[in-house]
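# Observations on the three-dimensional arrangement
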Amino acid sequence: MSALLEVRSLSKAFGGLLAVSDVSLSVEQGEIFGLIGPNGAGKTTFFNMLTGMTRPTSGEVLFAGGAITGLRPEQVARLGVARTFQNIRLFAGLSVFDNVRIPRQSRERSGLWGNILGSPLASREERETSEAAWELLKLVNLTDRAMRPAGSLPYGDRRRLEIARALALAPRLLLLDEPAAGMNPSEKAGLADFIRQVRETFDLTVLLIEHNVPMVMGLCSRIAVLNFGERIAMGTPEEVQCDPKVVEAYLGAQKRDAAAAGEGACLHSTM
Amino acid sequence: MAAFFDLYGFLCIMILQQALLGYSLYFPLMAGQLSLASIGFYSLGGYVAAIMGTHPAFEAWRATLGWLMIPLEWLAALLLSVVLAVAVGLPALRLRGIYLALATIAFVQVLNVVVLNMPIAGGAVGIFGIPQAFESRFAYIWFFGPLLLLTILFTLRLERSAAGRNFMAVREDELAAGAMGVRTTANKVLAFVIGCALAGVVGAMSAPFLNTWNARQGTFDAGVACLAYVLIGGSRSKWGPLLGAALLVALPEVLRPLKDSRLILNGMVLVLACVYMPRGIAGLFAGRRA
Amino acid sequence: MSRMLSVLALVLSLAVPALAENVASPIPIGFAVAQTTNVALFGQEQVNGAKIAEEYLNSLGGVNGTPIRMVYQDTGGDEAGAVNAFQNLITQGKVVGIIGPTLSQQAFAANPIADRAKVPVVGPSNTAKGIPQIGEYVGRISAPMTVVAPNSLKKALALNPKIKNVAVLFAQNDAFSASETGIFQEAIKGLGLNIVTIQRFQTTDTDFTTQVTAVLGENVDLVVISGLAADSGNLVKQLRQLGYTGIIVGGNGLNSPNMFPVCGALCQDILVAQAYSPEAAAEVNRVFVEKFTAAYKKGPAQFSAQAFAAVQVIVEALKKVEATAKKKITAMELTEVRTALNKALRTGSYVTPLGEISMNAEGEVEQKDFYVSQIKMDADGKSGKFTLLPR
Amino acid sequence: MTLAWFLQNLLNGLSMGSVYAIFALGYTLVFSILGIINFAHGAVFTLGAYLTYLLSVGQFGINGLLAGWQLPFTLPFPLALLAGAGLSGLAGMAVERLAFKPLRARQADALLALVSSLGVALILVNLIQYLFGAEIYSYPSDVLGSLPPAFIFKVGGKPVAVRTVQIVLFVVSLVMLAALAWFIHGTKAGKALRATAENQDTASLLGINVDAFILGTFFVSGLLGGLSGTLIGVSFGLSGPYFGVAYGLKALAVIVLGGLGSIPGAVLGGLVIGLGEAFLPPDLSSYKEAVAYALLFVILLVRPQGLLGGTTEQKV
Amino acid sequence: MLALDDVTLAYGPVVAVEGVSLTVEQGEIVTLIGANGAGKTTILRAVSRLIKPRKGSVAFMGRDLAGLTPDKVVRLGLAHSPEGRQVLARLSVLENLELGAYVRSDAAGVAEDLERMFGLFPRLRERQRQAAGTLSGGEQQMLAIARALMSRPRLLLLDEPSLGLAPIIVEEIFEIITALNREGTTILLVEQNAHLAMQAAHRAYVLEAGRLVVSGDARALMDDERVKRAYLG
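Given the structure is predicted, the values throughout are model-derived calculations rather than measurements.

The rules we used
Per-chain numbering applies: the sequence of each chain, read as written, is numbered from 1 onward. Each chain takes a letter, starting from A, and each ligand takes a number, starting from 1, following the order in which they are written. The predicted nature of this model means local features are confined to residues of pLDDT at least 70 and side-chain atom pairs, given and counted, to a pLDDT of 80 or more, with totals for whole chains, interfaces and linings taken over all residues. Each side-chain value is derived from all of the structure's non-hydrogen atoms; neither hydrogens nor water enter the calculation. Any Lys or Arg side-chain nitrogen located within 4 Å of an Asp or Glu carboxyl oxygen qualifies as a salt bridge. Segments assigned H or I by DSSP are reported as helices when at least four residues long, segments assigned E as strands when at least two residues long, and all are numbered from the N terminus. Under the scheme applied here, a residue whose accessible area is under 20% of the maximum for its type counts as buried, over 50% as exposed, and between as partly exposed, the area being computed with a 1.4 Å probe on protein chains only. The contact rule is simple, with two residues in contact once any of their heavy atoms fall within 4.5 Å. Two parts placed together each lose some accessible area under a 1.4 Å probe, and adding up what both lose gives the buried area. Whenever two N or O atoms come within 3.5 Å, that pair is a polar contact, provided that in protein one can donate a hydrogen and the other can accept it, and provided that, for residues adjacent in sequence, both atoms are side-chain atoms. Cysteine sulfur atoms are paired as a disulfide whenever they come within 2.5 Å of each other. Any two strands with at least two DSSP-identified bridges between them are counted as paired. The set of buried Ala, Val, Leu, Ile, Met, Phe, Trp, Tyr and Cys residues whose side-chain atoms join them within 4.5 Å is what this entry labels a nonpolar core. Angles shown run from 0 to 180 degrees and are taken between the N-to-C directions of axes, each axis being a line fitted to C-alpha atoms and, for helices, limited to the stretch in contact. Here roughly perpendicular refers to angles of 65 to 115 degrees, roughly parallel to angles under 35, roughly antiparallel to angles over 145, and oblique to all remaining angles. Note on residue classes: Ala, Val, Leu, Ile, Met, Phe, Trp, Tyr, Cys and Pro are nonpolar, Asp, Glu, Lys and Arg are charged, and everything else, Gly too, is polar. Pairs were defined over the aromatic rings of Phe, Tyr and Trp, the Trp ring being its six-membered one, requiring ring centres within 6.5 Å. Orientation was assigned from the angle between planes: stacked under 30 degrees, edge-to-face over 60, tilted for the rest.

In this structure the tally under the stated criterion is 57 salt bridges over all chains. Of the charged contacts in the structure, one is a salt bridge between Asp173(B) and Arg89(A), with a shortest N-O distance of 2.7 Å. With Asp173(B) in the loop between α7 (162-172) and α8 (174-179) and Arg89(A) in the loop between β6 (81-83) and α3 (96-104), this pair bridges two chains. Overall, the relative accessible area of 9% leaves Asp173(B) in the buried class. What makes Arg89(A) partly exposed here is its relative accessible area of 25%. Across the salt bridge formed by Arg159(A) and Glu162(A), the nearest N and O atoms sit 4.0 Å from each other. You can see Arg159(A) and its partner Glu162(A) sitting in helix α6 (residues 155-167), three residues apart, about one turn around the helix.

Taken together, the contact between chain D and chain E spans 17 residues of the former and 25 residues of the latter. Both faces considered, chain D and chain E share a buried interface measuring about 1900 Å² in area, 58% of it formed by carbon and sulfur atoms. The largest share of the area that chain D buries against chain E comes from Glu198(D), Leu205(D) and Leu206(D), three residues that together contribute 35% of it. Linking chain D with chain E are four salt bridges. Arg45(E) is paired through a salt bridge with Asp201(D); the nearest N and O atoms lie 3.3 Å apart. For the interface between chain D and chain E, the tally reads nine residue pairs in polar contact (both at pLDDT 80 or more).

What follows deals with the state of the cysteines. Overall, the coordinates contain one disulfide over all chains when judged by the stated rule. Covalently, Cys263(C) is tied to Cys267(C) through a disulfide, its sulfur atoms 2.0 Å apart. In this structure the cystine formed by Cys263(C) and Cys267(C) twists about its S-S bond by roughly 105°; its chirality is therefore right-handed. Each member of the pair, Cys263(C) as well as Cys267(C), carries the same accessibility label: buried. Cys196(B) takes part in no disulfide bond, and the closest cysteine sulfur, belonging to Cys226(B), lies 12 Å away. Among the residues examined, Cys196(B) registers a relative accessible area of 1% and is labelled buried.

So, on to the pairing of strand β15 (residues 384-388) of chain C. Note on strand geometry: in a regular strand, side chains alternate between the two faces of the sheet. All names here are of chain C. Two strands pair when backbone bridges link them, and strand β14 (residues 371-377) and β15 are joined in this way by five bridges, in the antiparallel orientation. Bridging across to β15, Met-377 finds its partner in Gly-384. Hairpin connection between β14 and β15: a loop of six residues separates the two successive antiparallel strands, and Gly-381 in this loop has a positive phi of roughly 75°.

Size of an interface: often given as the accessible area lost when the parts come together. Facing the 39 residues of chain D at the interface are 41 residues of chain B. For the chain D and chain B pair, buried surface summed over both sides reaches about 3700 Å², with 81% attributable to carbon and sulfur atoms. By the criterion of area lost to chain B, the three top residues of chain D are Val115(D), Phe297(D) and Leu301(D), representing 15% of everything that side buries. Across the chain D-chain B interface, the total number found is zero salt bridges. On the surface where chain D and chain B come into contact, there are three residue pairs in polar contact (both at pLDDT 80 or more).

Let us now look at the nonpolar core. Core analysis: the largest hydrophobic core is formed by 298 residues, its most contacted members being Phe144(B) and Ile232(B). Top contributing element to this core by residue count: helix α1 (residues 2-30) of chain B, with 19 residues. Beyond its immediate chain neighbours, meaning those up to four positions away, Phe144(B) contacts Ile13(B), Leu16(B), Gln17(B), Leu20(B), Val202(B), Met205(B), Ser206(B) and Phe209(B). If you look at the next biggest cluster of nonpolar residues, it comprises 58 residues, including Tyr72(C), Ala273(C), Tyr296(C) and Ala317(C).

How two helices sit against one another is set out by the angle between their axes and by the gap between those axes. Residues and elements named next belong to chain B. Remark: helix α6 (residues 141-159) packs on helix α9 (residues 184-210), axes separated minimally by 11 Å, with the N-to-C direction vectors making an angle of 170°. As summarised for this structure, α6 and α9 are arranged roughly antiparallel, according to the angle between their axes. Two secondary-structure elements touch here, α6 through Phe-143, Phe-144, Leu-147, Thr-151 and Phe-154 and α9 through Ile-194, Leu-198, Val-201, Val-202, Met-205, Ser-206, Pro-208 and Phe-209. By residue class, the composition of the contact of α6 with α9 is eleven nonpolar, two polar and no charged.

Per the stated rule, a full pass over the model turns up 42 aromatic pairs over all chains. Arranged with centres 4.9 Å apart and planes meeting at 90°, the rings of Trp74(B) and Phe143(B) form a pair that is edge-to-face. One end of the pair, Trp74(B), is in helix α4 (residues 69-92); the other, Phe143(B), is in helix α6, with 69 residues separating them in the sequence. Judged by relative accessible area, which is 22%, Trp74(B) ranks as partly exposed. Owing to a relative accessible area of 7%, Phe143(B) belongs among the buried residues under this scheme. With centroids separated by 5.8 Å and ring planes inclined at 40°, the aromatic side chains of Phe220(B) and Phe39(D) adopt a geometry described as tilted. On the criterion of chain membership, the pair formed by Phe220(B) in helix α10 (residues 220-233) and Phe39(D) in the loop between α1 (3-34) and α2 (41-57) is interchain, its members lying in two chains. The exposure class of Phe220(B) is buried, given its relative accessible area of 12%.

Glancing now at the arrangement of the chains. With six pairs of chains in contact, the largest contact count belongs to chains B and D. Taking C-alpha atoms as the reference, chain A and chain D come no closer than 12 Å and do not contact one another. Across the gap from chain C to chain E, with no contact made, the nearest C-alpha atoms are 28 Å apart.

For the peptide bond that leads from Ser25(C) to Pro26(C), omega is -5°, which places it in the cis range. Looking at the secondary structure, you find Pro26(C) in the loop between α1 (2-15) and β1 (27-33). One non-glycine residue with positive phi stands out, namely Lys94(C), at about 50°. Along the chain, Lys94(C) falls in the loop between α3 (79-92) and β3 (98-99). A relative accessible area of 17% means that Lys94(C) is categorised as buried. One non-glycine residue, Arg152(E), lies in the positive phi region at around 50°.

So, in structure tokens, the structure goes:
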């Protein structure tokens, strides 16, 4: 396995506030990597820097061996990095189908005039895009609502659509920002299965932000923990869950002392 | 029917012409950009045609090319508009919403002052006696009609193509569009340039139509009127600019019997239209269908 | 909307009978000026003048006994509005001729319509170069100010022979002012004076401190202004308040009682070049001023006088048409009257409040008398008058 | 580049800038609370000037529908000024009820408010024209009492002159600004207003009557507009019902330059544009009209939130 | 104290809540649980009249709320701490708290309550001059609750007080909620974290897709198989 994504000493300061401070990590090809941490720990800022939405103050991001620091979001996306958003950012007024077609279009070579005049290339690409998008809608069971505006879907469907939309980019790396937010435990379990299945089917690498510790523990091969912008721990779920620093961040100082004393005060992988 | 066209023929052409200006704002709006720059490009295009049509420096061209001079004027207006639109659009489109609108207003105001100071543009009185393409004003339907038809066809095709979906993705959520590989800046500039180029050509067609061109063509009021066409017509419908222009251009004429109080009523209709047709005239039809 | 328009079209096509009809009685004369938008200041003055003319000329029997009727259509301030107003007058108003529009820019757009329909147009206030050349049916009674500018400068020199340094200010967005200033500048150079600064402003400006500061910075002993009443009034007021004491010469745009409320007592002694003076001697002018003042409690502005003159010229030409055709206008076909009127307009001369004027074959006005007046304000500074200076 | 020249331009710039600023305050207040530009503000400004004129002089002119009419009474100028401003405030409230509230209630596209407020502006301006005519009205020259028209002093042998009206405008705008700043930062109602500006739902959950505050804001905005309209009218006369329009557009440049929704920003923006115009070299006076917009264009590109604007999300 | 009778709520054409009836008695903590999008927040918004019911009635202290605006409801003694920590970011912490007492005119009582809030949330005292937007998520949540309490409400509506907070802070906040209740404040609590909510509450209502499916004593519900599987994991 080789590192698909490598982050070197990434930092971001907003005004005087260090939102992310000197974070390094590397994600191997094919793994599901978890990024956890309490609210305000800098996880989303970290994602934004990976995807070109926020310019890092310092540090470097390498994707498949090439530097992507400072690229614009669409450039990063076109290199094969797709993401979802914590608060779901679908193209709410457009149809479900169009939501999935739009990322797929980024590979098309025909331009405006080809599109307008209906050149053979444009027609072929339009067909291919639509077919590929349809396949993805099948995967997430949304074909029956393909022509409805995305904003009218119920919450769970919107989450799934957003993942389908990210997959339409045919990414090599999929970044999921709190995909289980607002789901009940049974839905969460279903989502974990879905992520595993997607990774297999599309030969993906997944980097996942999650608040829900048990889900991360069950799903990820490795985990990094952020707190106040710093990486306080990294390793397998087992290594991380009893790390005193992690326990303190999540459960408080008392529990940390207990953990340090080996009294089994770990983050539970089930709740 | 002949009497109707004698009386309202000019008005009908005005509706087509103004609708085209409405479309020139529709494209940037399709990509979520509220621009009022069109009127500036309209003014610019008009000057290009007026200067090429009257300035002694182009005498030889006119003599050689004959009627071909007219499409050449369109082309010149188009090219100049595209170049200037890219130059203005690249920096200005970093702004959003009302800020972009204000920046484009500023651009139009500055352009107006600059034009007023350019000797070639004829100062305050502007340029007049622009060679006519047709005897009758109504015959200008052969300019504006096909252009409007092409524009609507273009819009139809655009909405159903990848290019149009890219625009709409930027409109719906620029950040997400970028994350999904849509070249946001390029698409915004493209939408802006299409609009500006259209406005430039409409200007070039309008200079002979009005027979005169001056700095009063590119005022803020005229620019806002174009926006009103789109919004009152329905900003999410390809028919919006046409419907809006039809209503708002015809209204003062329909109200003519009211004499000098007609603009009061015109204002009332604007307000009522906003309140009772928040999705525009096109929205009424859509609502009925649903 | 389109359905509504087509219904409208149907109704209108039924309502409007075919052509080849006689002139209505009273004889309709079109009057298309800016009654709305920010040009309305002038348009309203024009309408005021026309109303006086209509009433007065009808009291004299109209056209040999047939009264006239002014048909007013608002042009707004833009070209499209002027075209629509003209269309309306031509096809619905069935007018024998049109007076209008207010602005030269509008004339360039609207007059070709009338020309093509063979309806004579008399421009009451279009002073730009090229208006009569628009077409055979286009003429005007408003003189471009080529003669008068040097006159007023000479008066200034007579008042103060030591004048050397001149500041020129003009409204660059006003077609008339922009061309008038060129004539002024030529004349200033011709008199051997120095133009030390040229300052531009907009007719919409109210604050002129920038321009005034520039003038005050240069030892100026004559200020020459080409602008319209509101802006020039403010300019004069600010020049005076900030300490300018020299002579002020104003162009024709300042020839308006609208100046008085703006600069008040500070309007005093401005020399104004005039194409019309309420004090001019002609009998018709005396009557006009009297009737106007009775109706509006203030003296007429040049725009009103020109509008009056335009109506008068058309009525007198219509009389000539009757004389030539030897039948009543109302017994003639509309198209015939229009053509005949256009021809009649261009023959002979007319004694109007503007003095004796005539139109040459091209339709260009030839005006005999121009004036230079000095503004004399009343003691309260609220009203004043243009006192004619001896020629 | 003498000292006198510099001082003269400084005075001119500050005075004109303060005019822009007080005009812009009314815009910025409404923007800060609704996130919408009220295009009818210029018309309310004009209305204020006309109303004060009517109340203090009592006479209509010769052209409008009411030509030749007279009010049965007249008020002394200061009273007329206050009454005119108060009535403009009411007109501001009417604008809110006509052009903004119905759209808010229907959750219409915020852009529509732009058009509907323009519609109201069209109504107001043409109503003024319909009633008063398009002619020029002017306040009697003695409204400022027995003050001399201008103060002229010498600096380094060169005269520096400033009109009394300029000083009055400058002082009044400073007073208005101070009053507004005190109201917004020093009173309970001001706090509630800021809360409403930030989040209407949250404000209403705190017991703040959001609707009343919005209406109140329009009243204050209209009041400021009417007051500044009158003061500018005193300085320059009322050159027709459209005389507020040119200011309206320039004031847009002012508030964006200073930062949309920022009250000190409106003042700073006004002064910057006033000074920018004043210090324009005399040879370039023909480009004076472009100064405000050129500055606006540049500032938007360099610092989109304006000079003093926070990086807050815009609502439109 | 609070009674909803057959309430249906909709955003435009989308019905969010249908035919819901529930009550909250004096002195209780009642919790509404359910998946995201089930309509919990919508119900709270209807109680404080941010949205108007399409059907049914809401009564507070025996008075029908129909026709009232939110600010009037607050004056009746209801406080609503909205979802997502809606602090007024540009105002200072102190100003936020003062505005919480906007409807009150007893200056002495307000000052006393301010002290009480600073006692409950010492961190807010430290930061009272800071703009509320610069507080951390947990601090903002505390401020939102404290602000709601400043009106001395008879009924407090709490929307997702634990959302996005670290467990350690969540615990702290729930301790305060139960303490408040012991002091006499009636609370209607909407909470994602069903576990915590049920522990704190006396009674619970379970909402699924806009309809009430189960209700009853909180402790008892925690043993309900269905609830357990769906919400407690």
